[in-house]
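Observations on the model geometry
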Amino acid sequence: MFDKQKLLVKIIEKLQQELDNAVFAAETARTDATDDQSVAETQYDTLGIEASYLAHGQSERAEKLKQQINQYKKLKVADFNTNDEIAIGCLIKLSGFNQQRLYFIGPSAGGIKFSIDAQEVLIITPQAPIAKELIGKYQFDQITMPGKSLDDEGIEILAVY
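What comes next concerns the included structure.

Our focus in this paragraph is the pairing of strand 3 (residues 113-116). Across the two faces of strand 3 the burial differs, with F114 and I116 buried and K113 and S115 not buried at all. Of the pairings in the sheet, the one linking strand 3 to strand 4 (residues 119-124) comprises four bridges and is antiparallel in character. Within strand 4, the residue paired with I116 across the bridge is Q119. Taking the residues that link successive antiparallel strands as the turn, the strand 3-strand 4 hairpin has two residues, and the phi of D117 there is positive, at about 50 degrees.

Spatially, the six strands line up as an open sheet ordered 3-4-2-1-6-5, and their pairing is mixed. The two strands at the open ends of the sheet, each matched to only one other strand, are strand 3 and strand 5 (142-143). Relative to strand 4, strand 2 (residues 99-105) runs parallel, the two sharing four bridges. Residue Y103 lies in a different strand from strand 4, and its bridge partner there is L122. Against the sheet, helix 1 (residues 4-34) touches strand 1 (91-96), strand 2, strand 3 and strand 4, its axis set at about 140 degrees to strand 3.

Conventions adopted
Residues numbered from 1 in each chain as written. Predicted model: local features only at pLDDT ≥ 70, side-chain atom pairs only at ≥ 80, totals over all residues. Heavy atoms only, no water. Buried < 20%, exposed > 50% of the residue type's maximum accessible area, 1.4 Å probe, protein only. Helix = DSSP H or I, 4+ residues; strand = E, 2+ residues; numbered from the N terminus. Pairing = 2+ DSSP bridges. Contact = heavy atoms within 4.5 Å. Axes fitted to C-alpha atoms, helices over the stretch in contact; angles between N-to-C directions.

By themselves, these figures tell us nothing about what the structure is for.
Here you go:
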């Protein structure tokens with residue numbers, strides 16, 4: 001059994017680390033944009049403009065990461081079992097294509113990978129094609145991967161936590 005609170009702490013730590021990197025990158029780019037060396041000497045000298053665009057982009061990324069951290073801090077996770085429908089907050093073990101993988105359906109931050117109890121977990125959001133297939137299903141159901149035909153091997157839901 002997986003400790004979901006430990007899982008949430010790992011996700012928040014990972015997002016906080018990305019936020020720290022984004023804030024540092026934004027501050028560095030902002031400093032570069034306002035530096036005396038960034039003043040345009042010709043019409044083709046765009047270093048200062050490029051740095052200001054980068055600073056703006058990193059600042060927006062930092063804001064998005066703050067929102068994601070807040071979403072995970074507010075997320076109430078319960079333990080799911082065989083009789084529960086898959087939903088947000090669910091950790092799922094899938095088997096297919098000769099491998100087993102763990103997915104966590106979260107409110108945001110899709111694509112982030114991290115390890116818990118020596119196993120890799122991939123965050124997916126409800127908007128992800130695989131999550132759309134999973135939500136509403138139960139343990140031991142089978143799904144097909146989006147883009148695959150029904151003749152292809154199905155993916156079995158081995159466990160729901």
